[in-house]
Amino acid sequence: MEIPGPEWRADGGVGAIADAGGLHLYQLRLHEAFGPVVRFQLPGADGAVSIADPVLLEATAHLDERPERLFAFLDPLFETGNPQVMPAGEHASWRRLLLSVLAGRPSHERYLPQFTALTMALADRWAEQAGGAEGDDGRPVGLQKDLTALSLRMICAYALGGEVSEPERVVSAFEDVLTAHLHGLYRTPGAGAPGEAAGRNGEGERAEAGLLLLRRTVDRVIAAHHGGRRGRSDVVGALVEAGEEPARIRDTVMAMMLAAHHTTGVAVSWALYLLSLHPRVTERVTGELDRVLGARAAPAYEDLGRLTYLEMVLKEAMRLCPPGPYGARRTDTALVVGAYGIPAGATVFYPFWAVHMNPAYWPGPREFRPERFTPRESAARPRLAHIPFGIGPRSCEGARLAMVEAMLILAVLLKRFRFRPVPGHEVVPVERFVLWAADDIRMTVSLRNDT
Ligand code: HEM
């Protein structure tokens with residue numbers, strides 16, 4: 001059976017993606033219009049097949065290579081090749097090494113006090129900006145800016161041997177580089193011609209300066225490492241021990257800084273934003289926090305498992321606003337997906353956001369309803385219905401660490417503060433590799449124990 005989809009255009013597909021406002025929104029349009037399996041023009045792939053049904057996705061879950069062009073916007077960050085598209089043979093040992101560093105519960109437990117101290121320092125700063133008496137809103141905080149910087153501090157403490165100087169500048173350097181190069185690929189609103197990173201308003205210069213800053217940061221992280229492995233979670237030590245060459249070590253440090261900071265930062269930002277729009281859910285979360293933590297300001301490691309409603313909230317937030325809105329694979333063999341055939345060599349597009357909005361598995365998909373994640377409701381859904389960390393052998397190696405970090409940050413902040421959206425401030429999701437809010441998510445905070 002022929003796979004449905006929009007008509008082919010001479011521009012290779014960039015126009016339709018730009019018209020929709022980016023690939024994150026285009027995928028929703030495509031699946032609303034054409035159903036769960038859609039063939040469409042993706043720049044860099046002749047025709048890609050997008051699959052938004054979790055049962056049909058199973059036929060692709062073994063695929064372990066990504067199409068190169070789709071992730072070419074990341075190329076400038078790396079010297080030995082972009083790890084996103086590392087060939088499967090090389091990738092298996094890289095993944096094993098990363099999992100040994102990132103996924104171990106003992107390391108998560110060991111670093112929790114340090115994560116807590118970093119979160120408390122941010123909370124103290126926010127407390128100074130908090131509103132007080134009736135009518136005094138204080139100074140708004142920028143969730144995304146502060147929480148991505150916090151996540152960067154956490155990955156540096158955990159895996160990269162300590163502090164990174166000026167994390168806020170590193171975060172904006174990544175933003176500048178990704179914005180410029182994504183514009184080049186997809187011509188997202190206002191961008192120049194495809195393939196051109198440099199563009200308007202000094203974007204190209206900012207991207208170049210950003211890249212220099214990122215390279216210097218990576219060099220400093222590695223120079224601060226004085227050889228020897230400092231523990232299971234020390235990624236530089238693990239790479240040296242594995243005999244990796246210096247350029248590959250630099251690339252892995254860059255990849256980890258990138259992969260860990262913006263995803264976790266936006267996951268927590270979107271969760272706080274959605275909670276601020278749903279006071280009843282927030283009340284239930286804070287009730288649980290008060291019950292589990294009592295007068296303590298932060299959870300111990302064992303408490304995280306007891307914050308079951310908070311975990312449901314985080315999962316629902318990552319369903320509605322998946323930090324990574326899409327992924328992709330290349331298939332070297334022909335596949336059968338339901339009634340359709342996909343030829344060898346094709347690009348399989350993973351529309352994570354559209355999978356999460358599939359009404360067949362998520363009734364009322366636009367509603368924020370954490371109760372969807374009770375053990376009973378979760379067990380009734382197919383395995384791949386909720387995939388914020390991706391699928392199969394290229395799924396996120398940092399998933400377990402990210403959950404620990406995000407739960408901790410949310411627990412500390414929600415125990416201490418109430419959050420209210422700044423009136424008139426519009427929150428617009430855009431794609432910056434992650435699902436990013438164009439002009440941050442600005443909130444006023446007030447201390448809970450003030451009232
Ligand atoms: C809430 C936070 C996070 C989310 C939602 C997230 C999501 C994702 C997604 C969707 C992918 C692509 C998966 C696929 O193609 O199937 C990915 C890949 C990856 N993530 Fe995460 N991530 C998060 C945090 C982290 C953290 C803390 C790290 C730690 C370094 C990390 C490291 C990576 C790496 C290295 C990859 C590349 C996977 C590969 O090609 O083998 N991520 N992540």
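Heads up: the structure comes first, above all this text.
Note that this is a predicted model, so its numbers are computed, not measured.

## Notes on the overall build of the protein chain
Okay, step 1: Scanning the protein chain from terminus to terminus reveals 16 helices and 11 strands.
Okay, step 2: Its C-alpha atoms give the protein chain a radius of gyration of 22 Å, within 12% of the compact-globule value 22 Å for 451 residues.
Okay, step 3: With the C-alpha coordinates of the protein chain rotated into their principal frame, the extents come out at 60 × 55 × 45 Å.
Okay, step 4: In the protein chain, which comprises 451 residues, the share counted as buried stands at 56%.
Okay, step 5: Put simply, of all contacts in the protein chain between residues at least 6 apart along the chain, 74% involve residues at least 24 apart.
Okay, step 6: In the structure as shown, the protein chain presents an accessible area of about 18700 Å², 53% of it carried by carbon and sulfur atoms.
Okay, step 7: Counting 49 positive and 54 negative side-chain charges, the protein chain places the averaged centre of each group 4 Å from the other.

## Brief notes about the packing of helix α10 (residues 246-276) against helix α16 (residues 399-416)
Okay, step 1: Across the interface, α10 lies against α16 with an axial gap of 10 Å and an inter-helix angle of 40 degrees. Our classification of the angle between α10 and α16 gives oblique. Crossing hand, α10 versus α16: right-handed. Of α16, the residues touching α10 (which contributes T264, V268, A271, L272 and L275) are A402, E405, A406, I409, L410, L413 and L414.
Okay, step 2: Among the residues forming the contact of α10 with α16, the class breakdown is 10 nonpolar, one polar and one charged.

## Focus on the site of the ligand
Okay, step 1: In the vicinity of the ligand there are 25 residues, among which R66, H91, R329, C396 and E397 approach most closely.
Okay, step 2: Between the ligand and the protein, one listed contact pairs an oxygen atom with a side-chain N or O atom of R394 at 3.2 Å.
Okay, step 3: Contributions of two or more residues to the shell around the ligand are made by α4 (88-102) and α10.
Okay, step 4: Tallying contributions element by element places α10 first for the shell around the ligand, with six residues.
Okay, step 5: The residue inventory of the shell around the ligand, partitioned by class, reads 14 nonpolar, six polar and five charged.

Cut-offs and rules
- Residues numbered from 1 in each chain as written.
- Predicted model: local features only at pLDDT ≥ 70, side-chain atom pairs only at ≥ 80, totals over all residues.
- Heavy atoms only, no water.
- Helix = DSSP H or I, 4+ residues; strand = E, 2+ residues; numbered from the N terminus.
- Rg over C-alpha atoms; globule rule 2.2 N^0.38 Å.
- Buried < 20%, exposed > 50% of the residue type's maximum accessible area, 1.4 Å probe, protein only.
- Contact = heavy atoms within 4.5 Å.
- Areas by Shrake-Rupley, 256 points an atom, 1.4 Å probe, with all protein chains shown as cover.
- Lys, Arg positive; Asp, Glu negative; His and termini not counted.
- Charge placed at Lys NZ, Arg CZ, Asp CG, Glu CD.
- Axes fitted to C-alpha atoms, helices over the stretch in contact; angles between N-to-C directions.
- Parallel < 35°, antiparallel > 145°, perpendicular 65-115°, else oblique.
- Left-handed = near helix turned anticlockwise from the far one by under 90°.
- Nonpolar A, V, L, I, M, F, W, Y, C, P; charged D, E, K, R; others polar.
- Near = heavy atom within 4 Å.
- Polar contact = N/O pair within 3.5 Å; in protein donor to acceptor, adjacent residues only side chain to side chain.

Keep in mind that these numbers describe shape and distance, not what the molecule does.
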